[in-house]
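Architecture at a glance
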Amino acid sequence: MEPVFRALEIAAKTLVKTSGTTITYSGLDHIPPAGGAVIAINHTSYIDFLPAALAVHRRGRRMRFMIKAEMQQVRSVNFLIKHTKTIPVDRRAGAGAYAAAVEQLRAGEVIGVYPESTISRSFELKDFKSGAARMALEAQVPIVPLIVWGAQRIWTKDHPRTSLFRNKIPISVAVGPAVPPAGDVEQLGAALREEMSSVLDRVQRDYPHPAGAHWVPRRLGGSAPTLAEAKRLDEAELAERAARAGQQR
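What you see is a predicted model, and the numbers here were worked out from it, not measured in a lab.

What follows covers the packing of helix α5 (residues 131-139) against helix α6 (residues 185-205). Relative to each other, α5 and α6 sit at 115°, their axes nearing to 9 Å. Classified by chirality, the crossing of α6 by α5 is right-handed. Counting all contacts with α5, which are made through Ala-133, Arg-134, Ala-136 and Leu-137, the residues of α6 involved are Val-185, Leu-188 and Gly-189. Classifying every residue of the contact of α5 with α6 gives five nonpolar, one polar and one charged.

Here's what the structure looks like:
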């Protein structure tokens, strides 16, 4: 039953209803009704996880996430981690988290992964890390591409957060066909990226994009950074973070 997880599901649905947000779902039948699976989610917002988790919930499943280990220092978050099968990831030594994820996948769990690792400032798909493909191959489970679009209007990098209440911002969640765990890591990663790109393109074509809006990709007439510009911003952010860490030593 997992009472803590159940309480989170009720709270999430209440939040969505209270905010006036409409979440449109498509392709949910691509999520396996049973057995392990990696759910590969695009990353444009700090709240992508919420509509993604609700999509999996509508399929009668519960998605387990991987979260940075530092969040265990927050007492309330640590409580949730312990009671929802969330997997803490130490980015300096991620082997333990990887092994835990593979074990859960083999036990029939659904694991949510962001192949891009960090939020895409361009709202385009960034380069993928290999973790999702490696886990799927080792556990021999499919990877299911899942696209969340519109959440970047509520809360994303470099822009103030929109009120979570009565914002009435529509969000689209689309799931593509599962990619079977075949080939090597590079081949599976390429197949995943192709599927995610296809689903993302379809969702974007069906979603209104006002010219010049900061949350709209440049190629669609928005003012978001291009992929190249976003990469430079990411590199500058990493350099600044490293400098601050060096000063604290």
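Our next topic: the packing of aromatic side chains. Scanning the entire structure with this criterion turns up three aromatic pairs. Aromatic pair Tyr-46 and Trp-155: ring centres 5.0 Å apart, planes at 50°, arrangement tilted. Within this pair, whereas Tyr-46 is found in the loop between β2 (37-41) and α2 (49-58), its partner Trp-155 is found in the loop between β6 (143-149) and β7 (171-175), the two being separated by 109 residues in sequence. With relative accessibility at 38%, the residue Tyr-46 sits in the partly exposed group. Among the residues examined, Trp-155 registers a relative accessible area of 30% and is labelled partly exposed. Ring centres of Tyr-207 and Trp-215 lie 5.9 Å apart, and the angle between their planes is 80°; this geometry places the pair in the edge-to-face category.

Take the pattern of salt bridges next. Opposite charge on two side chains makes pairing possible when the charged atoms of those side chains draw close. Counting across every chain of the model gives 16 salt bridges. By sharing partners, the salt bridges in this structure join Glu-2, Arg-6, Glu-9, Arg-62, Arg-64, Lys-85 and Glu-109 into a single network.

Let us now look at the side chain of Ser-45. Along the chain, the position of Ser-45 falls in the loop between β2 and α2. When sequence neighbours within four positions are dropped, the list of residues in contact with Ser-45 reads Ile-119, Ala-151, Gln-152, Trp-155 and Thr-156.

Looking now at the sheet that holds strand β1 (residues 23-26). Read from one edge of the open sheet, seven strands run β1-β7-β6-β2-β5-β3-β4, paired in mixed fashion. Across the chains shown, the open sheet's two edge strands, defined by having one partner strand only, are β1 and β4 (87-89). Along the sheet, successive strands turn relative to each other by an average axial angle of 25°, direction set aside. Bridging between β6 and β7 involves four bridges; their strand directions are antiparallel. When the sheet's bridge partners are listed, Leu-146 is paired in β7 with Val-175. Contacts between α5 and the sheet are confined to β2, β3 (63-68), β5 (110-113) and β6, with β6 contributing the most and set at about 145° to the helix.

Of the two faces of β5, both are covered, the one formed by Val-110 and Gly-112 as well as the one formed by Ile-111 and Val-113. Sheet analysis places β3 next to β5, joined by three bridges and oriented parallel. The partner of Phe-65 across the bridge, within β5, is Gly-112.

Let's shift gears to the environment of Val-199. With respect to the element layout, Val-199 can be found in helix α6. Judged by relative accessible area, Val-199 falls into the buried class, the value being 1%. Remark: the alpha-carbon pair of Val-199 and Arg-161, spanning 38 residues in sequence, is separated by 26 Å.

Reading the values: the criteria
- Residues numbered from 1 in each chain as written.
- Predicted model: local features only at pLDDT ≥ 70, side-chain atom pairs only at ≥ 80, totals over all residues.
- Heavy atoms only, no water.
- Axes fitted to C-alpha atoms, helices over the stretch in contact; angles between N-to-C directions.
- Helix = DSSP H or I, 4+ residues; strand = E, 2+ residues; numbered from the N terminus.
- Left-handed = near helix turned anticlockwise from the far one by under 90°.
- Contact = heavy atoms within 4.5 Å.
- Nonpolar A, V, L, I, M, F, W, Y, C, P; charged D, E, K, R; others polar.
- Phe/Tyr/Trp six-rings, centres within 6.5 Å; stacked < 30°, edge-to-face > 60°.
- Buried < 20%, exposed > 50% of the residue type's maximum accessible area, 1.4 Å probe, protein only.
- Salt bridge = Lys/Arg side-chain N within 4 Å of Asp/Glu carboxyl O.
- Pairing = 2+ DSSP bridges.

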